[in-house]
Amino acid sequence: MALAATQLMAGVAGGLTVSPNQTQVLQHAPAEAAGVGGAILQMAQRIAAAVCLSAVPAVYLHAASGPPGGSHPRAGYALACCVCAGLLAVALLLSLLRRAAMPPPRLGSHATPALLTPPNPKEIA
């Protein structure tokens, strides 16, 4: 049950962060650089995933091994869950601080990605 609950929380957290991040990047990128902006976002997400996915098992394995002669897998799991919760809390805090520091968007001030721009009928003809 604990594993299912943590996986559910991880899925919800991912769902709540991926779309807003993509929207934010493409909203502030010029139309001609939307692909580069999306690529940089993907690269940052992959680096963060690699760091977190290597840190959490390392914490678990270190704590689960415990002192010689005994194993402590529950303690390792609890510590790994705390590390995950801490990483999520830091991400939420940084997101809130960034949102508070950004000026409110003005109407029509964001760039629209070229792929989402409706075609101009004069250019088609």
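Cut-off values and rules
- Residues numbered from 1 in each chain as written.
- Predicted model: local features only at pLDDT ≥ 70, side-chain atom pairs only at ≥ 80, totals over all residues.
- Heavy atoms only, no water.
- Helix = DSSP H or I, 4+ residues; strand = E, 2+ residues; numbered from the N terminus.
- Buried < 20%, exposed > 50% of the residue type's maximum accessible area, 1.4 Å probe, protein only.
- Contact = heavy atoms within 4.5 Å.
- Areas by Shrake-Rupley, 256 points an atom, 1.4 Å probe, with all protein chains shown as cover.
- Axes fitted to C-alpha atoms, helices over the stretch in contact; angles between N-to-C directions.
- Left-handed = near helix turned anticlockwise from the far one by under 90°.
- Nonpolar A, V, L, I, M, F, W, Y, C, P; charged D, E, K, R; others polar.
- Expected span 1.5 Å × (residues − 1).

## Side note on the overall build of the protein chain
So, point 1. A tally of helices and strands in the protein chain yields four helices and zero strands.
So, point 2. When its helices and strands are written in sequence order, the protein chain yields α-α-α-α.
So, point 3. Burial analysis of the protein chain (125 residues in total) assigns 9% to the buried set.
So, point 4. Within the protein chain, counting contacts between residues at least 6 apart in sequence, those at least 24 apart form 52% of the total.
So, point 5. Carbon together with sulfur atoms contributes 73% to the accessible area of the protein chain, which is approximately 9700 Å² in total.

## As for the packing of helix H1 (residues 2–28) against helix H2 (residues 34–65)
So, point 1. Contact pair H1 / H2: the axes reach a minimum separation of 9 Å and the direction vectors enclose 145 degrees. Handedness of the H1/H2 crossing: right-handed. Each of Asn 21, Gln 22, Val 25 and Leu 26 in H1 lies in contact with H2, whose residues at this interface are Ala 34, Gly 37, Gly 38, Leu 41, Gln 42 and Gln 45.
So, point 2. Counted by class, the contact of H1 with H2 contains four nonpolar, six polar and no charged residues.

## Let's talk about H2
So, point 1. Look at H2: 47 Å from first C-alpha to last across 32 residues, which is about the 46 Å you get at 1.5 Å a residue.
So, point 2. Listing the buried residues of H2 in full gives Ala 34, Gly 37, Leu 41, Gln 45, Val 56, Ala 63 and Ala 64.
So, point 3. Tucked into the core, H2 has its buried residues touching H1 and helix H3 (73–101).
So, point 4. Just past H2, the residue Gly 66 takes up positive phi, approximately 55 degrees.

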